[in-house]
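# Residue-level structural notes
Residue-level listing of the chains:
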Amino acid sequence: MSQIIDAKGKPCPTPVLMAKKAMSEGAEIFTVLVDNQTAVENLKRLAGNQGFNVTVREEGETFALDFVK
């Protein structure tokens with residue numbers, strides 16, 4: 001099962017830093033939950049820069065970004 005990082009309510013750059021930490025620990029499949037569009041865009045940029053594919057799912061007011069290496 002993939003790791004879930006709950007970054008809802010956290011301002012940028014905190015969600016990006018949380019995702020980077022997971023990457024540095026060797027995670028190749030994980031999901032980041034955020035609740036603002038700025039975090040979505042920043043996380044998508046991070047994924048591209050780090051060689052991850054990312055899929056964005058909108059679940060009510062929450063965005064789930066699925067990272068896969």
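Attention here is on the structure that accompanies the text. This one's a predicted model, so the numbers in the text were calculated from it and none came from an experiment.

## Side note on unusual backbone geometry
Residues Cys-12 and Pro-13 are joined by a peptide bond in cis, for which omega reads 15°. Mapped onto the fold, Pro-13 is located in the loop between strand E1 (3-6) and helix H1 (14-24).

## A look at the side chain of Thr-31
The residue Thr-31 is located in strand E2 (residues 29-34) in this model. A distance of 2.7 Å separates polar atoms of two side chains, one belonging to Thr-31 and the other to Asp-66.

## Focus: the packing of aromatic side chains
Scanning all chains against the criterion turns up 3 aromatic pairs. Taking the centre distance of 5.8 Å and the plane angle of 65° together, the rings of Phe-30 and Phe-52 count as edge-to-face. Here Phe-30 is found in strand E2, whereas its partner Phe-52 is found in the loop between helix H2 (37-49) and strand E3 (53-59), with 22 residues between them in sequence. Phe-52 carries the same exposure label as Phe-30, and that label is buried. Between Phe-52 and Phe-67 the ring centres are 6.0 Å apart and the planes differ by 70°, which places this aromatic pair in the edge-to-face class. Remark: Phe-67 occurs in strand E4 (residues 62-68) and Phe-52 occurs in the loop between H2 and E3; sequence separation between them is 15 residues. Phe-67 carries the same exposure label as Phe-52, and that label is buried.

## Concerning the sheet that holds E1
In space, the 4 strands of this open sheet follow the order E1-E2-E4-E3, with mixed pairing throughout. Edge positions in the sheet fall to E1 and E3, since each has one partner strand and no second. Mean inter-strand twist for the sheet, computed between neighbouring axes without regard to direction, equals 20°. Here E1 runs beside E2; their pairing, made up of 4 bridges, is parallel. Its bridge partner being in E2, Ile-5 is matched across the sheet by Val-32. Where H2 meets the sheet, it contacts E2, E3 and E4, and its direction lies at approximately 5° from that of E4.

## Some words on the pairing of E3
Bridge count for E3 against E4 is 7 bridges, and the pairing is antiparallel. Pairing of Val-56 across the sheet is with Leu-65, part of E4. As consecutive antiparallel partners, E3 and E4 are separated by 2 residues, and within that stretch Gly-60 has a phi angle of approximately 70°, a positive value.

Thresholds, definitions, all that
- Residues numbered from 1 in each chain as written.
- Predicted model: local features only at pLDDT ≥ 70, side-chain atom pairs only at ≥ 80, totals over all residues.
- Heavy atoms only, no water.
- Helix = DSSP H or I, 4+ residues; strand = E, 2+ residues; numbered from the N terminus.
- Polar contact = N/O pair within 3.5 Å; in protein donor to acceptor, adjacent residues only side chain to side chain.
- Phe/Tyr/Trp six-rings, centres within 6.5 Å; stacked < 30°, edge-to-face > 60°.
- Buried < 20%, exposed > 50% of the residue type's maximum accessible area, 1.4 Å probe, protein only.
- Pairing = 2+ DSSP bridges.
- Axes fitted to C-alpha atoms, helices over the stretch in contact; angles between N-to-C directions.
- Contact = heavy atoms within 4.5 Å.

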